[in-house]
Amino acid sequence: MERIALLFPGQGSQYQGMGKVIYSSSNNVKTIFRKAEEIIGYNLKDICLYGKPNEQMEHAQVIIFLTGYCSWELYKERFPGALPRFMAGHSLGELTALACGGALSFEDMILLVAYREKCMNKYVALSSGMMISIIGVKEAVIEEICNETKYSNNSIVISNYNSFGNTVISGEEYAIKKIALRFEQMGGKIIQLNTSGAFHHPNMYGAAKEFQKEVMKYNINLPDIPVVSNYNGFVYESKEQICSCLVRNIYSPVKWRHSLTHMQGLGVEIFIDMGPNCILKKMGRKQQSPLYLSLEEDELEDYISEKKANVYQVLETCLTALICTKNYYPEDPTVNSELGKTIKMIQFVYDNLNSLGFTEVNNCLERTKVMLVKKNVSKEEIDKRLPVNLMQT
């Protein structure tokens, strides 16, 4: 299904019991947990399922990466015919997306995530930073107020461009609390994020430089499934770009809104939240389009089942149209030959839909339209018999 994009969350999505559903759903997931524990050296399952908030906070990046990667493995098991066209991750989630997309092995990426966490925790400990989400205040207004602090020792910056109505800022705790009052007076809603410090802030530059040395040790490649960078909001085009953006991302703002807009422009109409707590789905839930679903909430199975039922109907409609419409060129051997091949193609897709994707179904629909034109069927009859595209079903 080429219109799907998978989304992986970052820090702040952790909670006690995270990963419980996917852990109990698949032996493959249990194997991945055991492998991760062997690599990292501590009990990740207990931290996910039973860890207290401070323990989960300390290991947030590793456990969020692990549950996100396991969600991808479970997704492939359950929905082999619905592979995504794109992947994207919010902050840390971008490393999960890159691992799932094939840019780096799971074993190497979890080590890289652990090192990233170590570097960031080191610099977080040097200050008392915090992050807050501001709901309902215009982005331009927030930028203007943050710019007032630009040259002070306690600068406040926009760290996440989540949506037009949801912007995150970071800085020293007392400075954030002071400026938050101004936004509340403007009618804004303030939410403190579940993070250990002020991430995506210039103060994290030192952490980024340390992380850069580690990144260069790994052979990161372009992923098999395109990944959108939340540093610039565009699809990665080279492995050098990936390494550069992963480093800059630590002290630069997350351009999440830009990433989603770019994917929509490339045809994505379904976003699936692959992480714990459905954070990314909640960010997009107020939008009418595209559709947001969550693997954790088990919404996808119902959607895919319903869609497949509709897709079988589309294939049946295509066969009916090809067989029952009049052929105005019955003596043309080329038309008759192509007609027979098209019918066989549709029958094959119908019989093998579980192992194929919606792309093949769409190809059948488009091929049927071409054949009806070759049979000289009128445009009015074609429009009456066939949907314009699969989204009509």
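Note that the coordinates shown come from a computational prediction; the quantities given were computed from them, not determined experimentally. (Residues numbered from 1 in each chain as written. Predicted model: local features only at pLDDT ≥ 70, side-chain atom pairs only at ≥ 80, totals over all residues. Heavy atoms only, no water.)

### A look at the packing of helix α5 (residues 60-78) against helix α7 (residues 106-124)
- Running from amino to carboxyl end, α5 crosses α7 at an angle of 155 degrees, the nearest separation of the two axes being 8 Å. Comparing the axis directions of α5 and α7 gives the class roughly antiparallel. Note on packing geometry: the crossing formed by α5 with α7 is right-handed. Listed contacts from α7 to A60, Q61, V62, F65, L66 and Y69 of α5 are F106, M109, I110, V113, A114, R116, E117 and M120.
- The class makeup of the residues in the contact of α5 with α7 is 11 nonpolar, one polar and two charged. (Axes fitted to C-alpha atoms, helices over the stretch in contact; angles between N-to-C directions. Helix = DSSP H or I, 4+ residues; strand = E, 2+ residues; numbered from the N terminus. Parallel < 35°, antiparallel > 145°, perpendicular 65-115°, else oblique. Left-handed = near helix turned anticlockwise from the far one by under 90°. Contact = heavy atoms within 4.5 Å. Nonpolar A, V, L, I, M, F, W, Y, C, P; charged D, E, K, R; others polar.)

### Notes on the sheet that holds strand β1 (residues 4-8)
- With parallel pairing, the five strands of this open sheet are ordered in space as β7-β2-β1-β8-β9. Of all the strands in the sheet, the pair left with one neighbour each is β7 (227-228) and β9 (291-294).
- As judged from the four bridges shared by β1 and strand β8 (residues 270-273), these two strands associate in the parallel manner. Bridging from a neighbouring strand, I4 pairs with I270 of β8.
- Helix α6 (residues 93-101) contacts β1, β2 (86-89) and β7 of the sheet and is inclined by roughly 150 degrees relative to β2. (Pairing = 2+ DSSP bridges.)

### Looking at the side chain of R257
- Here R257 shows up in helix α12 (residues 256-265).
- Judged by its relative accessible area of 14%, R257 is buried.
- Those residues within four positions of R257 in sequence are excluded, and the remaining contacts are E139, Y161, N162, S163 and F164. (Buried < 20%, exposed > 50% of the residue type's maximum accessible area, 1.4 Å probe, protein only.)

### Section: the sheet that holds strand β6 (residues 189-192)
- Spatially, β4-β5-β3-β6 is the arrangement adopted by the four strands of the open sheet, whose pairing is antiparallel. Either end of the sheet is taken by a strand with one partner, and the two such strands are β4 (157-163) and β6. For this sheet, the mean angle separating the axes of adjacent strands, direction not counted, is 25 degrees.
- As defined by bridge partners, β4 adjoins strand β5 (residues 166-172) across five bridges and the pair is classed as antiparallel. Residue V157 lies in a different strand from β5, and its bridge partner there is S170.
- Helix-sheet contacts for helix α8 (residues 139-147) involve β3 (129-135), β4 and β5, and the interaxial angle to β4 is about 170 degrees.

### Structural notes on helix α9 (residues 173-185)
- The terminal C-alpha atoms of α9 lie 19 Å apart, and with 13 residues this matches the ideal 18 Å at 1.5 Å per residue to within 8%.
- Among the residues making up α9, those that are buried are A175, I176, I179, A180 and F183. Buried residues in α9, looked at end-on, bunch into an arc of 135 degrees, giving them a common side. In α9, the exposed positions angled more than 90 degrees off the buried face are occupied by Y174, K178 and Q185.
- On its buried face, α9 is in contact with β3, α8, β5 and β6.
- Just beyond α9, the residue with positive phi is G187, at close to 95 degrees. (Expected span 1.5 Å × (residues − 1). Arc of directions from axis to C-beta.)

### So, unusual backbone geometry
- Notably, S91 is not glycine yet its phi reads approximately 60 degrees, a positive angle.
- Note on placement: S91 falls in the loop between β2 and α6.
- Residue S91 is classed as buried on the basis of its relative accessible area of 10%.
- Even without a glycine there, the phi angle at N376 is positive, about 70 degrees.
- You can see N376 is positioned in the loop between α16 (358-374) and α17 (379-385).
- For N376, a relative accessible area of 40% puts it in the partly exposed group.

### A closer look at the packing of α5 against α6
- The contact between α5 and α6 brings their axes to 9 Å, and the two run at 35 degrees. In the packing of α5 onto α6, the handedness of the crossing is right-handed. Only L95, T96, A99 and C100 of α6 make contact with α5, whose side of the interface consists of F65, G68, Y69 and W72.
- Residues of the contact of α5 with α6, tallied by class, amount to six nonpolar, two polar and no charged.

### Notes on the environment of I169
- Secondary-structure assignment places I169 in strand β5.
- Sequence separation between I169 and Q313 is 144 residues, and the spatial gap between their C-alpha atoms is 49 Å.

### Some thoughts on the nonpolar core
- Judged by nonpolar contacts, the single largest core of 70 residues is most densely connected at Y75 and I220.
- No other element matches α5, which puts 11 residues into this core.
- Beyond its immediate sequence surroundings of up to four residues, I220 is in contact with A103, L104, L112, V215, K239, I242, C243 and L246.
- Core analysis: the next-biggest nonpolar cluster, separate from the first, contains 21 residues, V349, V361, C364 and V377 among them. (Core = buried A, V, L, I, M, F, W, Y, C linked by side-chain atoms within 4.5 Å.)

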